[in-house]
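Notes for the structure review
One letter stands for each residue in the lines below.
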Amino acid sequence: GLPSKQSGVGVSGPVLTLYRDTNGWCPFCERVWLALREKGLEFDEVLINLYDKPQWYKDMVPTSLVPAVKFASDGEVVWESDVILRRLDEAFPETRPLFADPGAVEEVNRLTGRVMNA
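Residues numbered from 1 in each chain as written. Predicted model: local features only at pLDDT ≥ 70, side-chain atom pairs only at ≥ 80, totals over all residues. Heavy atoms only, no water.

1. Details of the pairing of strand β1 (residues 16-21)
Here is the rule we go by: Any residue under 20% of the maximum accessible area for its type is buried, any over 50% is exposed, and the rest in between are partly exposed; the area is computed with a 1.4 Å probe on protein chains only. Only DSSP runs of H or I with at least four residues qualify as helices, and only runs of E with at least two residues qualify as strands; both kinds are numbered from the N terminus onward. Any two strands are treated as partners once DSSP identifies two or more bridges connecting them. Look down the strands so they point away from you; if going from the first strand over the helix to the second traces a clockwise path, that crossover is right-handed.
With six of its six residues buried, β1 lies for the most part within the structure. Of the pairings in the sheet, the one linking β1 to strand β2 (residues 43-48) comprises six bridges and is parallel in character. Its bridge partner being in β2, Y19 is matched across the sheet by V46. Of the crossover connections in this fold, the one passing from β1 over helix α1 (residues 27-39) to the parallel β2 is right-handed.

Next up, the structure:
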């Protein structure tokens with residue numbers, strides 16, 4: 001895929017790589033893609049064939065699911081769209097936050113986790 005044309009955060013070049021589906025129908029991939037665009041971050045895109053995932057991807061992402069991102073600064077790999085979105089807010093605090101009130105979001109997550117795991 002083509003890298004984003006948006007420059008971001010005073011950093012030269014892509015700040016991360018987004019690994020997503022080749023078909024463009026994965027809603028979790030779209031969620032992360034939209035968040036990256038909203039934050040104005042420059043990124044590279046690597047398309048993963050969901051029917052024939054490369055071994056290097058399965059080695060990199062334990063779940064072998066998409067999406068995943070790899071940060072250019074330190075090589076950190078994050079997967080699961082909700083975890084990726086939170087990590088984007090942490091890594092790029094100077095950009096528009098994706099969550100209006102992170103404390104409230106965390107409380108809801110704790111509550112939801114307790115209910116779902118009861």
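2. Thoughts on the confidence of the model for the protein
Going by this rule: Looking at any residue, its pLDDT shows the predictor's confidence there, from 0 to 100. In what follows, a contact means two residues having at least one pair of non-hydrogen atoms within 4.5 Å.
The predicted model of the protein averages 87 in pLDDT, with 87% of residues at 70 or higher. Contacts of residues 1-9 to residues separated by more than four positions or lying in other chains number 24 contacts, the stretch itself having pLDDT below 50.

3. Points about the sheet that holds β1
Put simply, the rule reads: Each axis is a line fitted through C-alpha atoms, and for a helix only the stretch in contact is used; angles between axes span 0 to 180 degrees, taken between their N-to-C directions.
Taken in spatial order, the four strands line up as β2-β1-β3-β4 in an open sheet, and their pairing is mixed. Looking at which strands have only one partner, the edges of the open sheet turn out to be β2 and β4 (77-79). Strand-to-strand twist across the sheet, computed as the mean angle between neighbouring axes with direction ignored, equals 20 degrees. The strands touched by α1 within the sheet are β1, β2 and β3 (68-71), with β1 carrying the most contacts at an inclination of about 150 degrees.

4. Comments concerning the packing of aromatic side chains
The condition that has to hold: Ring pairs shown here join Phe, Tyr and Trp side chains whose ring centres sit within 6.5 Å, with only the six-membered ring taken for Trp; geometry is labelled stacked below 30 degrees between planes, edge-to-face above 60, and tilted in between. Two thresholds decide whether a charge sits over a ring: the Lys NZ or Arg CZ must be within 6 Å of the ring centre and within 35 degrees of the ring normal.
In this structure the tally under the stated criterion is four aromatic pairs. Ring geometry for Y19 and Y57: centres 5.8 Å apart, planes at 50 degrees, overall tilted. Here the residue Y19 occupies a position in strand β1, and Y57 occupies one in helix α2 (residues 55-60), the gap between them amounting to 38 residues. Given a relative accessible area of 0%, Y57 falls into the buried group. One aromatic cluster in this structure is built from Y19, W56 and Y57. Positioned above the aromatic ring of F99, the side-chain terminus of R86 is 4.6 Å from the ring centre. Across the ring face of F71, the terminal group of R87 is positioned such that the distance to the ring centre comes to 5.1 Å.

5. So, the environment of V61
Assignment of secondary structure puts V61 in the loop between α2 and β3. With 18 residues separating them along the chain, V61 and W79 place their C-alpha atoms 7.1 Å apart. V61 has contacts with A68, V77 and W79, leaving out every residue within four places of it along the chain.

6. A closer look at the nonpolar core
Side chains of a nonpolar character, in soluble globular proteins, are inclined to be buried together. For clarity, the threshold we go by: Only buried residues count toward a nonpolar core, which is a set of Ala, Val, Leu, Ile, Met, Phe, Trp, Tyr and Cys residues joined through side-chain atoms within 4.5 Å.
Grouped together as the largest cluster of nonpolar side chains are 16 residues, with contacts concentrated most on L16, V32, L36, V69, F71, L88 and F92. Filtering out sequence-adjacent residues up to four positions away, L88 remains in contact with L16, A35, L36, K39, L41, F71 and L98. Listed in part, the nine residues of the second largest apolar core include C26, I48, Y57 and A68.

7. Description of the pattern of salt bridges
To be explicit about the condition: When a carboxyl oxygen of Asp or Glu lies within 4 Å of a side-chain nitrogen of Lys or Arg, that pair is called a salt bridge.
Taken as a whole and assessed by the stated rule, the structure comprises seven salt bridges. Among the salt bridges present, the one from R20 reaches E45, with a minimum N-O distance of 3.6 Å. Taken together, the positions of R20 in strand β1 and E45 in strand β2 put the pair 25 residues apart, joining distant regions of the chain. For the residue pair R20 and E45, the accessibility class agrees, reading buried in each case.

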